[in-house]
Every structure is written in structure tokens, then in C-alpha cells.
Amino acid sequence: KDAAPHYPWAMLLAGTDQRYRFVPFDFDTSKGNAAYDGGRMSYWLDELNIPHIVCISGPSGGRHVWLALSDSASAGDVATLASLTKQLLPSLDVRPLENPLTGAVRPPGSPHRRSGFSEPQGPLTALLEPSVTSDQLAALRDFLIDAGASIVVPPTSLQKGTAYGAGGHPYLLGTKRPLSRRIRSILSSPPDDDASLTVAIVLAGCAQARWRHEDVIELARESPALEHLRSQRAGSDRRIPRSDRAAASTLKAAWRHAVTYVASRPVVDRNGDDPEFEQRTEDVAAAVSRAQDRADAMPGLWGLGGAATARRRRRGTHSHRAVLNALCLYMAQAVSLEVETDVRRLSADTGYGRTWVEQALLALQAPAGDDPETGWIVRVGSTEGAHGQRYRLAERFSTELSDQDWSQARVRPRLAVPHRDRSWWINYLSLDLDVLNHDAFAAPGSLGRTAGLVYKHLPPGATVQLPDLVRSTALPPHELRGRLQRLTSHGLVRRAPGGWARPDADLRDLVAQRLGVAGYLDDRAARYGAERRVWAWWLAEYAWMT
């Protein structure tokens, strides 16, 4: 082997897989009493029978306490160990233990830049013959916790919180969405004079859109705006490339800072404005449009093609489409592709009972194969306490193909569909649900849901021909004529030149009274309200008892 250099040198602590082989605790005199802290750590390791070696580092009297692992440890486990130790021994330098890419410490015998060298205080057996196991590291972690340290909870967002993904990289919880128009425009242009600021702005936008570290790697390689991640300034007018390891380390640090920054701040700025509101509005309107267009293109899917009742229920029914429309309405109202609801609220807004709503939710979630994203909606998480279940549209509706590639997104920005923005959908879906959510069509002994469907497809002030009604309702002509005849006999539909139309006045309340079903939905809403109050009482009682 080559002789050790005569100048200061250090050894990497982790391999190319970013797993640690060595865990040195570097106690620095500039941060506290390194001699005392190093002695305490050595004493604790002796108590736990963990092999180690202590080195006095340099002229200032710093301490290095080395552990050599028989099996490698993950970056997350080592970072947790460093955090716990730092709380009890403040002179510890945690940086080498939190950076598996470039974390390094001078080994025994390495010279110090100010004079002296790292002098081992015993034989090097513990370092040359790695023997510390993962169980011993876990025992050390438990000991530090018992001694008063606590595992630091990662920073959380006011909205959805954060978590750690692959490689220990943080991210904001929530549904991934396309980048805002502002961020896409920045990505397509070279950075301003402050290249690091441009990186911070872009990565904050990615974090706000619920992207993850692996999602931004390709951007870091290709986007002209992220030049700071690929090179560093060398003088006033030129830059030199970073090595792959240095580029990865720079991206890791910048991404962690961006996630922490976004998570620790509310989504509104100092003026009370939501900078992402416009983009979210467009995203929600576009997703609702895609889902509704898809549903309209498949009228037979909703059980209206004349098939037998059992087969229609397997394929879909009126209630399935009504529940889908209600969820789309909630999303447009909340400006969010993920909404919380329950069967009683859906029942009140669609007119269908709880059983029908529950069946509709299950049917809308049913995938075409093994992939849940092939359904219409996806269930998110689970219910807890007074909270309802959360649902979102499947990704095929909430994500455009152009969003998969940043270069396409920047040259082909999304365009809002004219007259079908968020307000348009709120108005349209509200009216659509209101038509069928009436005693005249929803109550037992009323005209029925199919008659209500025909009534819904006759817009006020317009005349619709029979072939057009057949296409829009997917009812066979003979059944459609029977429903029109019954609606006409009650005055809800009239024959007009060239087709059928509604009368100018809304006579649904009068028809409900005539049929003796008026007040049915109000009674059911009152019953559901009583059930809600009993459930709220039970939760409060349970909380008090426990």
C-alpha cells in the first residue's frame, strides 16, 4: 500500500450506496468542551460494550471517537444518532454524519492543518477489525434517548406535513400536481445574476407542487435555469462544472432547504394572497373537465343502455354519475383535487340514500385491473374521528401528458377551456345535481329517477328533438317516449314544434304535492342530522371517558 500523505487528508465514511461503514463522533473545541464530551461518549460506549477508539485531534485538543461497523448503516439511522448525541454533547460536529455523499473525517495518524496529527489513544484494533453491529447502534440510540435526548420531528407543513422518501430526502405530503406557469417559465430561461436564488425559487415551486427529490433530478440535469446545480462560479464571467458527486450534494442540500422553507410557511403571502391559487384553479378546472368529458362520452356506462338491472348495477347507475358530479363540484368549490366528504353529505346533495351512495363510491373506485388509478376516483388515507373520507380524481384526469416532461411543459403551457373555468363548473354541476335532488323524482312513489334524467336533459328555454334525447340519455326510444308521456301528463314537459321542451314555470313542487311525496328529502335530511349529532356526542363522550 502507498504511504500515508504528509499533508492533512480525510476518509469518506459511506460507500457509493450512501450507507455508512464508519461512524466517527467529531468533537470540536470551537463548539464546546470537546475533551469532556469525547470522554463522556467513550464512557457510554464502554458501558454498552461497543468497541471504539478515541483520538486526540490537533493542537486544540479536539476528540474523534471512532466506530467501525460490521454491517453498514443507513444515512437516516446515522443522522438520527448524530442528532441525539448533539443534544447531549454540544461540541459534536454533526455534518459528516448527515452527509453520506461527501462526509469525511481525518483518520488516526492524519496531520492537522495547524500542526500535530490525529493521535490514537490505544490500539487500532476496533478500527481495523470492524465489529459494531446494527443492534449495538440501536442500543446506543436507545441509551441516548433514555439519557434525555429526543428524536427531532422533521418540519411539517401547516397543510399536509412532510415525510422522508427514498434516500432520506424530505417532501411535502399531498397529491403531486403540475408546476405553476411561473415556475415553468423560469425553467426555460437561463438564470439571472444570482443563479443560486433561481435554484431556490424553482425548487420551492417544485416542493409546493408536492414533487419529490427524484422528480427534480432530471430538471437539475437539463433545465438552463438550474445551472447553479451543475457548475460553480469561477471569477466574474465564467463557471466550472461540478463533479457528479458535488452536483448531487448541492441538489440534496438545496432540496432540503426548499422543502423546509415551504413547509414552515403558510401558502398565503404577506398581503394575504395565495400565489398558487390561480394555477390550482386552472388545474382543478382542467381535471374536472377531463373527467366530465370522459363521463359524457360514455353515457351507456351509467346503466342507461337498456341492460338488465343486475348488469346495469355492475356497469353503473344514475347514482354513480350523480356521486361523481358531486365530488367534482366539491373539488371546484374547494380549489383542490382532494376533498373530504361522507355519505350523508353526498346523500343530501344528490338525493340518493346512503346505501346508494356507498355503492356508488365503491363502483367509482373499482379499477379496470390492478392499478387503482384506472378507476374514476381514488380513496386517500382512512377516516378518523369526526373527519370524513378523502377522495381525489384518478391521475389520468388530474395530470396531463405534457406534465410528464418539463421541456414540453415549458413550450406548451396549459390553456384554460373557454367558458369552462372553475366558476362555470360550480354553476353547471350545482344545477345538474339540483334537478334530480327533488321529491318529485327522488321519493318513493314519485315519478322516478329515469323520468328525472329525461327532465334534466331538457334545458330551460330550449327545444330538444327525440333523437338528441336518445343520444344524451342513452335510453331506448320506446322507454324514452313512455317517460316523456308521463312527464307531459304532470305538466313538467310540453310538446313543442320540432321536439320537446320544459314549460316556463318550474312545477316540480306542485307535482310532489300532488303525488303526496313533498317533504321526503327534508325528513331524511333531518334524520341524518340527528345521526350526526349522536355521533358527535359519542365522540365527545369517548374523549372524556378516555
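Basis of the calculations
Residues numbered from 1 in each chain as written. Predicted model: local features only at pLDDT ≥ 70, side-chain atom pairs only at ≥ 80, totals over all residues. Heavy atoms only, no water. Helix = DSSP H or I, 4+ residues; strand = E, 2+ residues; numbered from the N terminus. Contact = heavy atoms within 4.5 Å. Polar contact = N/O pair within 3.5 Å; in protein donor to acceptor, adjacent residues only side chain to side chain. Core = buried A, V, L, I, M, F, W, Y, C linked by side-chain atoms within 4.5 Å. Buried < 20%, exposed > 50% of the residue type's maximum accessible area, 1.4 Å probe, protein only. pLDDT = per-residue confidence, 0-100. Pairing = 2+ DSSP bridges. Axes fitted to C-alpha atoms, helices over the stretch in contact; angles between N-to-C directions.

To continue, consider the environment of Gln-365. With respect to the helices, strands and loops of the structure, Gln-365 is situated in helix H14 (residues 354–365). Along the backbone, Gln-365 and Ile-377 are 12 residues apart, and their C-alpha atoms lie at a distance of 5.1 Å. Setting aside anything within four residues of it in sequence, one finds Gln-365 in contact with Gly-375, Ile-377, Arg-379 and Tyr-391. Here Leu-361 takes part through its backbone oxygen, which lies 3.0 Å from a polar atom of the side chain of Gln-365.

Attention shifts here to the nonpolar core. Judged by nonpolar contacts, the single largest core of 38 residues is most densely connected at Phe-25, Phe-27, Trp-66, Leu-67 and Leu-97. Looking at this core element by element, the count peaks at six residues for strand E4 (residues 62–73). Listed in part, the 36 residues of the second largest apolar core include Tyr-330, Ala-332, Val-357 and Phe-397.

What follows concerns the environment of Tyr-428. Among the structural elements, Tyr-428 can be located in helix H17 (residues 422–436). The spatial distance from the C-alpha of Tyr-428 to the C-alpha of Leu-329 is 8.9 Å, given a sequence separation of 99 residues.

On to the confidence of the model for the protein chain, then. Residue-level pLDDT values for the protein chain average 81, and 87% of them are 70 or greater. When mean pLDDT is taken per element in the protein chain, strand E2 (residues 20–27) scores highest with 94 and helix H16 (residues 406–411) scores lowest with 32. Throughout residues 304–314 the model reports pLDDT below 50, and contacts reaching past four residues in sequence, or to other chains, amount to 14 contacts. Throughout residues 401–419 the model reports pLDDT below 50, and contacts reaching past four residues in sequence, or to other chains, amount to 24 contacts.

Residue placement: Ser-289 occurs in helix H10 (residues 277–296). Given a relative accessible area of 5%, Ser-289 falls into the buried group. Those residues in contact with Ser-289 that sit more than four places away from it in its chain are Arg-420 and Trp-425.

The strand order across the open sheet built from three strands is E12-E14-E13, with neighbouring strands paired in antiparallel fashion. On the outer flanks of this sheet lie strand E12 (338–341) and strand E13 (377–380), each paired with one strand and no other. Taken pair by pair, the neighbouring strands of this sheet meet at an average axis angle of 35°, ignoring direction. Alignment of E12 against strand E14 (residues 389–393), held across four bridges, turns out to be antiparallel. When the bridges of E14 are listed, Glu-338 appears paired with Arg-392.

It is worth spelling out the side chain of His-169 at this point. Along the polypeptide, His-169 turns up in the loop between strand E8 (162–164) and strand E9 (170–172). Residue classification places His-169 among the buried positions, given a relative accessible area of 12%. The contact partners of His-169, leaving out residues within four places of it in the chain, are Ala-163, Tyr-164, His-213, Lys-252 and Trp-255.

Take the sheet that holds strand E7 (residues 118–120) next. Strand order across the open sheet formed by five strands is E5-E2-E4-E3-E7, with antiparallel pairing between neighbours. Looking at the sheet topology across the chains shown, the edges are occupied by strand E5 (92–93) and E7. Where E2 lies against E4, seven bridges are found, and the strand directions are antiparallel. Each bridged residue has a counterpart across the sheet, and for Asp-26 the counterpart in E4 is His-64. Each of E2, E4 and E5 is contacted by helix H2 (residues 75–88), which is oriented at about 15° to E2, the strand it contacts most.

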